Amino acid sequence: MLATDVPPGAHAPLSLGNMTRRFFLRCTALMTLVACSPDASNTTDSAATQMLVIATAADADALLPPLVATTAGKQVMDVLFEHLADPKDATLRTDGDAGFVPRLASGWTWATDSLSIAFTLNDKARWHDGQPVTSADVRLSYELYTDPKVGSIHASGFSGIDSVTTPDARTAVVWWHARHPEQFFQVAYNLAIMPAHVLRDVPRDSLRSAPAASNPVGSGPYRFASWERKRQLVLTADSTHYQGTPTFGRVVWTILPDAATAAKAVFAGQAAVIEVLRGEAAAEAARTPSVRLVEYGALDYGYMAFNLGASRRGRVSFADRALRAALSSAVNRDAIVANALDSLGRVALGPFTRTSSVADTTVGAIGYDTTRASQVLDSLGWRLAPGDSVRRRNGQPLRFSILFPTTSGTRRRLAVLLQEQYARIGVGVDVDGVEPPVFAQRLQKGDFDAVLNAWRDDPSPVGIRQAWGTPSKDQMGANFGGYSNRAFDALVDSAATQFNGATRQALMRRAHRLIVEDAPALWLYEPRNIAAVRSDIEPTGVRPDAWLGNVAHWKVSPSR
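This structure is a prediction, so every number in the text was calculated from the model and none was measured.

*Asks:* Can you explain the packing of helix H16 (residues 486-496) against helix H17 (residues 501-518)? Please cite residues and give values.
*Replies:* Running from N to C, H16 and H17 cross one another at 160°; their axes reach a closest spacing of 8 Å. Judged on the interaxial angle alone, H17 and H16 are roughly antiparallel. Judged by the twist between their axes, the crossing of H16 over H17 is left-handed. Facing Ala487, Phe488, Leu491, Val492, Ser494, Ala495 and Ala496 of H16, the residues of H17 in contact are Arg504, Leu507, Met508, Arg510, Ala511, Leu514 and Ile515. For the contact of H16 with H17, the per-class residue count stands at 11 nonpolar, one polar and two charged.

Shown next as structure tokens:
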């Protein structure tokens, strides 16, 4: 899955600044445009459903599914593009097909040996340019996700699939080389379908810069309208969609400078939704009659990853597990999480959440012990000389930088708190805040010492491979720190093919314990996700992995 930009926290005082006032003028102009459109009604119901404005501090990173690496981007993808089938409800079952309902596929048939699934496409499904959705679209979509030239971080999600064949225009057959319990989930959940007639001739290594990447053609309930980067992204309802006309005529993401300003826009009635509240904003929302709070399940966790790749000249190498363990034990995670998230977060167990079906809540993270941390650092040659504030080994200071996106108040606060705690044991830390586009670029290039990242876990327990499995030669995936442990890989791979639930759980718990002990990252927090929505809006079909995925069918109650 993904979450390199889980919506950031807010810990600055909430106030209307110049940026918010400019947002108000933009929003007013857009509302006037919608209200004066030919199909606008004078009724209260119509006015409430003409437009849904979503306030956010993070812009989408890309508008084609294989290229999306942020939750902001995925919010748009969830309503612009579609899958062959969708999860039936928030339980997100990953075994077999019982937990899914048809979407672009009207039905499917398993082969007798379970090594292939034939999907029959819905003959009413159309691309937004009017072309029918065909099996060629399914095949091309699989190819785009898995082609090394595209470099999608999601490529590992299709491991074990041999091919996709197209016996006719309405039938796409997905083939595996071995059976496993999550075959259906693997293709139905992971594969967003894209138009072959638009993308087949685009060079794979320049997909990101192609016109279709910034002016996409989807098949979902909303059509792409416009994108003014860092300011506003607009989708319009597809009134001809085979699932019916969406509730809101337009969905508008307005990008504001920080989460505090975004929250204030909702409280002031200038926007209708903010997906995640943090800190002071959550308390203010509870006091604001015009909005309601909606708490929903979370698959997210936050962490500080060490860069385990080739050591850059003059930089500290984190290849030694003993060094990583010492740096982990030097941090009081309870105090840091309480300070940064208050009651809206708890200390993470590892690279998985407590909601996981295989989570072991007894797993023991590396404990807080500054005395022990100092002793280990001394033994590794990182010593603190009299009068010096930073440890050195052979003249090299034990100093590293922590990369984070400036739009995240939570991660900014965490970086400062980590800097303070590390200074107490003679470890120098520089905080390295950058704008989200730069953050994403540096993350994927491995251009950092350590990075504060947030990740939305895959509903599948074995989805952990995407972020922590050994990177292949051609595909880094989302393993930005370059962690590699073949024993961990083997345990996850064994779990992936295991049909016995108890055995599968046991294998995954062994894998969890191993990676926690190996300390490729400092596991920091699991957030408690609380959204604010306009009081007359009733979110329906909310899932922890796709909060806005069912926005086309949200309801508006004029009586509220």
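*Asks:* Now, about the sheet that holds strand S21 (residues 450-456): what can you tell me, with residues and values included?
*Replies:* The strand order across the open sheet formed by six strands is S16-S22-S15-S21-S19-S20, and the pairing between neighbours is mixed. Among the strands making up the open sheet, the edge pair consists of strand S16 (345-347) and strand S20 (428-434). Neighbouring strand axes in the sheet, compared pairwise and without regard to direction, differ in orientation by 25° on average. Sitting on the sheet, helix H10 (residues 321-329) touches strand S15 (300-306), strand S19 (399-405) and strand S22 (521-527), and the angle it makes with S15 is about 130°.

*Asks:* A description of the sheet that holds strand S8 (residues 171-176) should follow, citing residues and the corresponding values.
*Replies:* With antiparallel pairing, the four strands of this open sheet are ordered in space as S5-S6-S8-S7. Looking at the sheet topology across the chains shown, the edges are occupied by strand S5 (105-110) and strand S7 (161-168). Direction aside, neighbouring strands of the sheet carry axes that sit 20° apart on average. Taken together, the five bridges between S5 and strand S6 (residues 116-121) define a ladder with antiparallel strand orientation. The residue of S6 that forms the bridge with Ala105 is Leu121. Against the sheet, helix H4 (residues 135-146) makes contact with S6, S7 and S8, and its axis sits at roughly 165° relative to S7, the strand it touches most. Here helix H5 (residues 183-190) sits on the sheet in contact with S5, S6, S7 and S8, set at roughly 130° to S8.

*Asks:* For the confidence of the model for the protein, give the residues involved together with the corresponding values.
*Replies:* For the protein, the average pLDDT comes to 89, and 90% of its residues sit at 70 or higher. Per-residue pLDDT stays below 50 along residues 3-44; that stretch engages in 95 contacts with residues further than four places along the chain or on separate chains.

*Asks:* Before we move on, could you go through unusual backbone geometry and cite the residues and values that matter?
*Replies:* Positive phi values are uncommon outside glycine, yet Leu92 reaches one of about 55°. Relative to the elements of secondary structure, Leu92 occurs in the loop between strand S3 (85-87) and strand S4 (100-102). A relative accessible area of 11% places Leu92 in the buried class. Its identity as a non-glycine residue notwithstanding, Ser114 has a phi of 60°, on the positive side.

*Asks:* Go over the environment of Ala502, please, and point to the residues and values.
*Replies:* Position of Ala502 relative to the elements: it lies in helix H17. The class for Ala502 is exposed, based on a relative accessible area of 55%. Each C-alpha atom, one on Ala502 and one on Val358, is 9.2 Å from the other, the two residues being 144 residues apart in sequence.

*Asks:* Summarise the pattern of salt bridges; cite the residues concerned and give the values.
*Replies:* Across all of its chains, the model carries 25 salt bridges by this definition. For Glu526, the salt bridge is made with Arg354, and the minimal N-O distance between the two is 2.6 Å. Taken together, the residues span a long stretch of sequence, with Glu526 in strand S22 and Arg354 in the loop between S16 and helix H12 (370-379) at a distance of 172 residues. The buried category is assigned to Glu526, whose relative accessible area is 6%. With a closest N to O distance of 3.6 Å, Arg442 and Asp447 form a salt bridge. A relative accessible area of 32% means that Asp447 is categorised as partly exposed. One salt-bridge network, in which partners are shared between bridges, spans Glu82, Asp86 and Arg103.

*Asks:* Lay out helix H8 (residues 259-267) with the relevant residues and their values.
*Replies:* Here H8 lies mainly inside the structure; nine of its nine residues are buried. If you check which residues of H8 are buried, you get Ala259, Ala260, Thr261, Ala262, Ala263, Lys264, Ala265, Val266 and Phe267. Taken from the residues just after H8, Gly269 is the one with a positive phi, measuring 80°.

*Asks:* Before we move on, could you go through helix H14 (residues 436-445) and cite the residues and values that matter?
*Replies:* Taken together, the buried positions of H14 are Phe439, Arg442 and Leu443. Buried residues in H14, looked at end-on, bunch into an arc of 105°, giving them a common side. At its buried positions, H14 is contacted by S19, helix H13 (409-423), S20 and S21.

*Asks:* Outline the packing of aromatic side chains, supporting the account with residue identities and numerical values.
*Replies:* Evaluated as defined, the whole model comprises 18 aromatic pairs. When the centroid spacing of 5.4 Å and the interplanar angle of 35° are considered together, the rings of Tyr296 and Trp547 count as tilted. You can see Tyr296 sitting in strand S14 (residues 291-296) and its partner Trp547 sitting in the loop between strand S24 (537-538) and strand S25 (555-556), a full 251 residues away along the chain. Trp547 shares its class with Tyr296; the two are buried. Aromatic rings pair up to connect Phe100, Trp108, Phe119, Phe184, Phe185 and Tyr189 into one cluster. Lying across the ring of Trp227, Arg229 places its NZ or CZ 3.9 Å from the centre.

*Asks:* Explain the pairing of strand S11 (residues 232-237) to me, and be specific about the residues and the numbers.
*Replies:* Alignment of strand S10 (residues 222-228) against S11, held across six bridges, turns out to be antiparallel. From the neighbouring strand, Arg223 faces S11, where its bridge partner is Thr236. What sits between S10 and S11 in their antiparallel hairpin is a turn of three residues, with Lys230 showing a positive phi close to 70°. Relative to strand S12 (residues 250-255), S11 runs antiparallel, the two sharing five bridges. In the sheet register, Leu235 faces S12, and the bridge partner there is Val251.

*Asks:* Which residues make up the pairing of S20, and what values do they have?
*Replies:* Pairing of S19 with S20 involves seven bridges; the strand directions are parallel. In the sheet register, Phe400 faces S20, and the bridge partner there is Val429. Crossover connection from S19 via H13 to parallel S20: handedness right-handed.

Definitions and limits used
- Residues numbered from 1 in each chain as written.
- Predicted model: local features only at pLDDT ≥ 70, side-chain atom pairs only at ≥ 80, totals over all residues.
- Heavy atoms only, no water.
- Axes fitted to C-alpha atoms, helices over the stretch in contact; angles between N-to-C directions.
- Helix = DSSP H or I, 4+ residues; strand = E, 2+ residues; numbered from the N terminus.
- Parallel < 35°, antiparallel > 145°, perpendicular 65-115°, else oblique.
- Left-handed = near helix turned anticlockwise from the far one by under 90°.
- Contact = heavy atoms within 4.5 Å.
- Nonpolar A, V, L, I, M, F, W, Y, C, P; charged D, E, K, R; others polar.
- Pairing = 2+ DSSP bridges.
- pLDDT = per-residue confidence, 0-100.
- Buried < 20%, exposed > 50% of the residue type's maximum accessible area, 1.4 Å probe, protein only.
- Salt bridge = Lys/Arg side-chain N within 4 Å of Asp/Glu carboxyl O.
- Arc of directions from axis to C-beta.
- Phe/Tyr/Trp six-rings, centres within 6.5 Å; stacked < 30°, edge-to-face > 60°.
- Lys NZ or Arg CZ within 6 Å of the ring centre and 35° of its normal.
- Right-handed = clockwise from strand over helix to strand, strands pointing away.

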